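Structural overview for review
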Amino acid sequence: MSKIVEFYFTCLKWFVVLCLAGMVVLVFGNVILRYFFNSGITQSEEFSRWLFVWTVFVGSILVLRENGHLGVDFVVNSLPRPLRVVALAVSHILMLYATWLIIAGSWVQVRVNLNTFAPATGLSQSLFFGVGLVFGVSAAAILSYRLMLILTGRMHRLTTVDEERIALERAGVK
């Protein structure tokens, strides 16, 4: 199972890389075309905006997995263990609720915009709003797994990747 999860997140990372490369090529190419040839690619602006939105949402999934989002974990981590576990459980339940709202809203937007097409590219607008579903399902899986770890006592502190690395370096583990 962990190999499938790692493969999924590796695919997400490559997707973000491809989106960023696509945005650079589209925007830079359009700038060059406009500056030197007084023309441009009509679909470039719209499609690069779509790539940006997908990059933000997919990048948010990757950062959520690594506990990289801004937070006030120093307050939670300073609480005694029983209160810390309660605070972590409540915060994860609230995040799951917010994720559910994103999934429900995105699903409505996908259904409503299924037959609505973007003016420049002609692509269905549901592709634009579908990223909310990808984010919501992925975030719900991450948060549900963490909530399970919290409730079973296997997770009682929020740590970021850098904190784990520093702790391992201090312990002499490479």
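Look up: the structure comes first, before these words.
Each chain carries its own residue numbering, running from 1 in the direction its sequence is written. The model is predicted, so local features are restricted to residues of pLDDT at least 70 and side-chain atom pairs to those at 80 or more, both for listing and for counting; the totals for chains, interfaces and linings are taken over all residues. The side-chain values count all of the structure's non-hydrogen atoms but skip hydrogen atoms and water molecules.

**A word on the overall build of the chain**
The condition is simple: Counting from the N terminus, the helices are the DSSP runs of H or I reaching at least four residues and the strands are the DSSP runs of E reaching at least two. Throughout this description, buried means an accessible area under 20% of the type-specific maximum (1.4 Å probe, protein chains only), exposed means over 50%, and partly exposed covers the range between. We call two residues in contact whenever any of their non-hydrogen atoms come within 4.5 Å of each other. Here the accessible surface of atoms and residues is derived via Shrake-Rupley with a 1.4 Å probe, and residues count as covered only by protein chains that are part of the display.
Along the chain, the regular secondary structure elements total six helices and zero strands. Counted from the first residue to the last, the chain has its helices and strands arranged as α-α-α-α-α-α. With respect to the principal axes defined by its C-alpha atoms, the chain has extents near 65 × 40 × 30 Å. Residue burial in the chain is summarised as follows: out of 174 residues, 32% are buried. Considering only contacts in the chain between residues 6 or more positions apart, those separated by 24 or more positions represent 73%. Within the structure as shown, the chain displays about 11,600 Å² of accessible surface, and the carbon and sulfur contribution to it stands at 72%.

**Describing the environment of V25**
Structurally, V25 is set in helix α1 (residues 2-37). Between the C-alpha atom of V25 and that of S44, which follows or precedes it by 19 residues, the distance is 9.3 Å.

**What to know about the state of the cysteines**
Stated precisely, the cut-off is as follows: Here, the term disulfide refers to a pair of cysteine sulfur atoms separated by no more than 2.5 Å.
According to the stated counting rule, one finds zero disulfides in the structure shown. Looking at the unpaired C11, the closest cysteine sulfur is the one in C19, lying at 13 Å. According to the relative accessible area criterion, C19 is buried, its value standing at 2%.

**Section: the packing of aromatic side chains**
Inclusion rule: In this analysis, rings of Phe, Tyr and Trp, with Trp reduced to its six-membered ring, are considered paired at centre separations within 6.5 Å, and the interplanar angle assigns stacked below 30 degrees, edge-to-face beyond 60, and tilted for intermediate values.
Enumeration according to the criterion identifies six aromatic pairs in this entry. Aromatic pair W50 and F128: ring centres 5.5 Å apart, planes at 50°, arrangement tilted. Residue W50 is found in helix α2 (residues 42-65), and its partner F128 is found in helix α5 (residues 125-151); the two are separated by 78 residues along the sequence. Put simply, the rings of W50, F128 and F129 touch in pairs and so form one group of aromatic residues.

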